[in-house]
Structure formats: structure tokens, C-alpha cells
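# Structure assessment
Each chain, letter by letter, is given below.
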Amino acid sequence: MASSTPQRTPSTPMTAIRSTLLSRNAPSVPLASQLYEPLVKGVLRHRLYKIFVHSALFCWALVTLWMTWSRGGMFGMGAKESLLLPVKPSTLVYTMAMFFTGALPVVVLRKTHLVAAPTPATSPSRILSDAFRKRSTTQALLTYLVSSLSLLAIHIMITHAYDSNAPSNSRLTLFVKSRKHPYYLNGHLIYVLLSQLAIAFACLLRCVLLDRFAVRWAHTLTSKGENRLQSFGLARVVTVGLTTLVYTTLVTVAHLVVFALVRSVVLPLLYQLPFLHLALRPLTGHFLRGPWTITLFTHHWSLVSRAFYLGLTTVAIWEYAESAFDAIVAEPVTVAHKTADPGLTLVSGITSSDAYLKHFAYAELRNFSSEDSPAASARRTALFADQKYNPSMWSTLSRESLLTLGRDYQLLLRRGKPAPPATTTPVAPSKPTVPLPAPATPLIRTKVYKPGQTSPLQAALDTFASDGPLAAAVSETAEVGASHIPELFRSVIPTSPHAKAEAAVETVKKAEENVVALVNETKSKWRSGVGSALGAYLPAGVVQTAGQVKSWWTRERVHRVAETSLPNRYMDALAAEVLCRLTCASLTEDRYGVVQRDIPKIIEALLSFLNALEDYQAELNASYTLPPPDKLQELSPKEVAEKETLAMEATRAGEVLSVVSDAVKDGIVQIVRTFGDKLSAFKFPPRTAKKLQGFVDYN
């Protein structure tokens, strides 16, 4: 019998030899929400404070003007009182109230609903109908209404506090001062109140038609050099003043006309209703006294002027705050120099899901790619040679830029229309399985042993069970009954609950479509009937003017179609410039040839985009170019005016297309001049090679 020796435990524990060859997964490029976006939002927050300060100063100037006017002007107050009035506590309190109720809500509204691309609509009617479907329009309406009424309340408080000699009606009290009729409403207050409401609706309409929630990128991100738009220059103040004066004058005139119609036509008709006049007479009975004439305005000119100046103040506050916001939000942002790796910060920025912040990243990346200094060259070399991230910084940059250009290229080919729904390929039917051969010996599927004797109670329960004899009999009866149904009727019976649900959904959809078609048909019939009835009784000039207004309202604009086809044209231009400039810089700064393998793909994508833009421009030239002068003489003045309008819109559409086409052409020219004969080492598709050869021959 062999004796076993006990195993000795080593005094020191055994450990594995550590190796530096252990493979670790390289991290990906940090998300924009972690690296780039916080820096940009900090700069934008600082700019927002700048807007608040300038708007508050503007409100302070308006409050000082209002209080000076309420006290009889500078000559009525005296020199000392005029100098102390701007710094009095009451003036500062009213200034803060006007800022918080006038400028601040508008700026917050614009910041909340800011978008980078314009609304994809091609006519004023489409713009307005699309605006009604947005939540931002409802919030804007409420903001304008509350702000206008709040400014009216501040004006009333200033009038009560500093204009003690004004008549009771001019002080805008709720009721007139009358012992006999103490509940008669003050007509001055009603007029000014309706004027403020008209100002609010008119400003909302202007905001919607101008699409002011979209950022105006023109002359900011694509401008050459470091020339930036001056946000608060003298030209901006003059522009705001002229716009406010003209728009307020037009709205006041329109409000006077509508108010006259309501006073002379609508209100007497309301008094003819059976029971409504009993409720209106104690409040508005004095409005029916006296005829309505044009000279009535001369007796109340002070009221009209007061409402005009109040509306002018309201529009000025809104317009100044919004114009300052329009300029501030489009100015370029530079934040990469504050980080340790500017290239990584910018590459992270272009991956942002927010198109507004993505614009800033591409704008700064354009400067990063074109800066001519040893430090900038070293930063670009580090970007090309990056191996710390997977995918690398250059791979992320090129892929994201090509995807951005590719999406907008497809949208251009569809002329701004949404992508068609994806078609699902039918699943091929499976092959029938070959039945297995029957066994030689049949299987016995019945019970072999004799069942035991069960109790009467157990037998009764088994009868009513789900798998008992009763259920089996019912199932067999149903199957036999279904087998006797003819095949024609059996084919339309749903075979499963899912099929029943699908059939019910299809039925509901068809019913909805029928209802919508019926409603649209009824609307068209009513419109045609009302139009023909009005055309039979109204003068021909009025009918013709109404037709022109309707055509202007519903006609599709050529340049708006181009803008809808290229909603992100400024970002596309920046992306093309970045790719081309970095490609040119890679000839001397890319040590490992990382960019060289992507050059054919970049050039092919850019030239394909350029071909689509040139085809679109050729369509515009063929469709909307003015005919020769001898042909124009054969047309009527109306037709000549229409063709000139279309030609003008086609020119504007060409300017829209040139934003991207000029950037692509300049970038391809730079690549051709930089690489020269070295481009022959790359392989291109025939169409791309032919287009590129044209640039080579030109240079």
C-alpha cells in the first residue's frame, strides 16, 4: 500500500504575471450634451442677460417719456423735476413693471420655441394653417394678449397717479360718471381696450407670417472673416422705430374702420334680438345716441391719439426685444479654445441632436479648419492622428458631415416633400413540409388499463369541466356545423381576434375618410355658392380685387419651394466648407493618410449634391425666365406683371440654391488646386470623374 505525502502550502500566494498587452475597448467621442452643449448654453445665457438689460433700459426710457407727458411736459414740470424724474422710485417701479409685463414674456416665448429651420410652407395660407396646429401659436397669442392688457393697466395707473386734471372719461375708468346711469360703460376704455387687443392679434399675425420663431442665419454664419452683426447699433434702433411707426399706423387705421362698423352696424343689429337688448341697454344704451359720422373722430381725437401712442409703445417694446433676440441668437459662438482639446470639443458638437447648437459647432469648426498658424496646424494634425477614440475623431467628423449632407440631398431631390413610407416586402410563403411516412405498427392512443371507479360527484364535475365530455361535444358540434358552411361564406369569416380587430380598424378608417370627403365637398360647394352670389351683386372692381387677394394668399411661392427643399442650407454650406478645407489641410498635416481614403467618398457626395442643385437651377431658368421683349408686348399687362413676379421669385430661389452651390464649388476648386495631379491616384464613378474633370480643366 503506497503512502501518500501531504502537499505543502507555499508561504507566499501565487499571482498572475501582469501584462500591458491586455486589450481594452477605446472609448467613443464624448456626447455633445456632456462636452460641447454646456459651454454653448453658458454663452447664450450670458447673451440673454444682455437682451434683458437693453430691454429694461428701453422700458425705462419709455416710462420716463410717458410720465413726463402725463405731467404736462418738461416746461410744465420744471427743469429740476425733469432731471429727477428718471431716478425717482416710482419711475423705477413702473419701469420694472413694464419690463416684466412687456419685454420679458416675449423674449421667454421666443427662447422657448426657437427653431433652427423655417416652417416648410410655400404660401401664406399654408403658413397660417400650419401655425394653427402648433402649440407655440396658442402660447404666443396668450402672451401677446396678456402683455398688451398689462401695459394698458400700467398706463391707466400712470394716468391716475400723474394726470389729475384729466377728465374722468380720459382717465379710463370702468364706468362713466353719471348719477342717472351709474352702470354705463366708459366708451374710452372700451376703445383703448379693443385697440390693444387688435395690436396683439396683428403682432401675432406678423410673427406667424414672418416665421419669427426660426433663426435668421443669413449674413452671420456664412459671412467671411470676423465681421459680426452689431446687435444694438444705431441702424437697428432706427429700423425698429420706422417699423413700429408704420405698423402701428396701419393697425390703428384698420381698428378705426372695424370699430366704426361695429358701432354703426353690429351694435344696432344686436339690439334687434328679442332678449339680448335687455342685457345690453343698462350697459351700452348711451352708445346708440347720436348719428355715426366721420366728424365723430374729431371730437375724440385725444382718445384716438392716446390709443395710438399706447399701441406705439406696446409694439416698440415687443419689436425692440424681438429684434435684439433675432440678432443675438444668430451670432457665432466660440468656446473650443476654452477646452484642453479644441478638436475633440468641436467634433463632439457636430454630433448634437439640436440643429441650433449644431450650427455653432460647424461655424467654429470652419474657423478651426481654415486658421493659418503653427498652433492651428498642430491641432489639425492631432485630429487626423487620433487613435484614442473608436471611431476616431476624423471618422466621426466625416461620417456625421456626410450624413447631414445626404439627408438634405434626399430632401432636395424630393423638393421638400416628406419621405414616402417604407414599403414592406411580402414574406415568401414557406415550403410545405413533406409528411413523414406512416409507421408500420399503429400506435394505441387509448388507455390500456381499465379506469378505476369514480364517485358520482367527480363524474359530474368532469362533465362540466373545460376539457370534459360536454365541452368536447360542443366543440365537435361547432366544427361539424362550420364544415357544412359553404366555402364562399366561410372565406369572409374572421379566423382570429386579430383579424376581427383589423377589420374593425379598416371600417373605421373608411368611415372617417368618407366623412372628411363629405365635409370638404360641402365646404367647396358653399364657397363656390357664396362666391357666385357675391360676384353677382358686388361691383366688378371689388370682385377682381378679391380674386387678386385670394390668389396672393393661396399661390405657391417659387422661392418658398426652394427654401422648403433646402431648410438647412446654411449648415450644409458650413459642412461642405469644413470637409473641403480639412481635406486640403490633410495633404501636409495628415501623417498617416487617414483622410486620403475618404477623399473619393467626399468628392462624390459633394459633386452629387452640386449636380442636384444645378438641375434645380436649370428647371427654374427653363420655367420662369422672362420671354423676349417682342413676346412681352403681345401679352396683357396682367400677364406681364405675373411673369415678372415669377421671374423675381425664381431669382430669389436661385439665391437660396447658391448658398450651398457656391460653398461646394469653392471647396472643390480648393481641393483641385491643392492636390493637382495627385487626384489621378483616386478612383471615381464615371459621372463624378466627368464632373471633376471640368473643375480640373477650368483650373
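Summary of the structure given here. (Residues numbered from 1 in each chain as written. Predicted model: local features only at pLDDT ≥ 70, side-chain atom pairs only at ≥ 80, totals over all residues. Heavy atoms only, no water.)

### A look at helix α12 (residues 301–329)
How we decide: Only DSSP runs of H or I with at least four residues qualify as helices, and only runs of E with at least two residues qualify as strands; both kinds are numbered from the N terminus onward. What a helix is expected to span follows from its residue count: subtract one and scale by 1.5 Å. Three exposure classes are used, based on accessible area relative to the maximum for each residue type with a 1.4 Å probe and protein chains only: buried under 20%, partly exposed in between, and exposed over 50%.
For α12, spanning 29 residues, the distance from its first C-alpha to its last is 42 Å, which sits close to the expected 42 Å at 1.5 Å a residue. For α12, the tally of buried residues reaches 25 of 29 residues, placing the bulk of the element in the interior.

### Description of a nonpolar patch on the surface
Rules: Patch members must show over 30% relative accessible area and no salt bridge, and they are joined within 9 Å when carrying like charges or within 5 Å when they are nonpolar side chains of Val, Leu, Ile, Met, Phe, Trp or Tyr. Accessible surface area values rest on a Shrake-Rupley calculation with a 1.4 Å probe, where residue burial reflects the displayed protein chains alone. We define a salt bridge as a contact between a side-chain nitrogen of Lys or Arg and a carboxyl oxygen of Asp or Glu at a distance within 4 Å.
A contiguous nonpolar patch, built from V253, V257, V258, L261, V262, V265, V266, L269, L270, L273 and L276 and spanning about 870 Å² of accessible area, is present on the exposed surface. For the nonpolar patch, the element with the highest residue contribution is helix α9 (residues 234–271), accounting for nine residues.

### Thoughts on helix α14 (residues 355–370)
Filter applied, for reference: Pairs of N or O atoms within 3.5 Å make up the polar contacts considered here, provided that, within protein, one atom can donate a hydrogen while the other can accept it, and that residues adjacent in sequence are counted only when both atoms are side-chain atoms.
Helix length check: α14, at 16 residues, gives a terminal C-alpha distance of 23 Å against a target of 22 Å (1.5 Å per residue), a fit within 8%. Where burial is concerned, most of α14 is hidden: 13 out of the 16 residues are buried. One side-chain oxygen at the N-terminal end of α14 lies 3.1 Å from the backbone nitrogen of Y356; it belongs to D354.

### Considerations on the packing of helix α16 (residues 393–413) against helix α23 (residues 569–589)
Definition in use: What counts as an axis is a line fitted to C-alpha atoms, over the stretch in contact for a helix, and the angles between N-to-C directions run from 0 to 180 degrees. Under this scheme an angle from 65 to 115 degrees is roughly perpendicular, one under 35 degrees roughly parallel, and one over 145 degrees roughly antiparallel; angles in between are oblique. A clockwise turn of the near helix away from the far one marks a right-handed crossing, whereas an anticlockwise turn of less than a right angle marks a left-handed crossing. Any two residues whose heavy atoms approach within 4.5 Å at even a single point are treated as in contact. Amino acids are sorted into nonpolar (Ala, Val, Leu, Ile, Met, Phe, Trp, Tyr, Cys and Pro), charged (Asp, Glu, Lys and Arg) and polar (every other residue, Gly among them).
One way to put it is that α16 packs onto α23 with a least axis distance of 10 Å and a crossing angle of 140 degrees. Relative to α23, α16 is oriented oblique. When you trace α16 past α23, the crossing you get is left-handed. Each of W394, L397, S398, S401, L402, T404, L405 and D408 in α16 lies in contact with α23, whose residues at this interface are M571, D572, A575, V578, L579 and L582. Looking at the contact of α16 with α23 residue by residue, the classes come out as nine nonpolar, three polar and two charged.

### Points about the packing of α14 against α23
When two helices pack together, their arrangement is captured by the angle between the axes and the distance separating the axes. In contact at an axis separation of 9 Å, α14 and α23 are set at 30 degrees when each is read in the N-to-C sense. Judged by the angle between their axes, α14 and α23 are roughly parallel. In this structure, α14 meets α23 at a crossing whose hand is left-handed. On the side of α14, the interface is formed by A355, K358, H359, Y362, A363, L365, R366, S369 and S370, while α23 contributes Y570, M571, L574, A575, E577, V578, R581 and L582.

### Description of the pattern of salt bridges
If you walk through the whole model with that rule in mind, you get 17 salt bridges. Salt-bridge contacts for E322 lead to R212; the nearest nitrogen and oxygen are separated by 3.8 Å. Placement of the pair is E322 in helix α12 and R212 in the loop between α8 (187–209) and α9, with a sequence separation of 110 residues. R212 shares its class with E322; the two are buried. Between E619 and R415 there is a salt bridge whose closest N-O contact spans 3.2 Å. Taken together, the positions of E619 in helix α24 (residues 599–624) and R415 in the loop between α16 and α17 (456–464) put the pair 204 residues apart, joining distant regions of the chain.

From the geometry alone we can't say anything about function, so treat these as descriptive.
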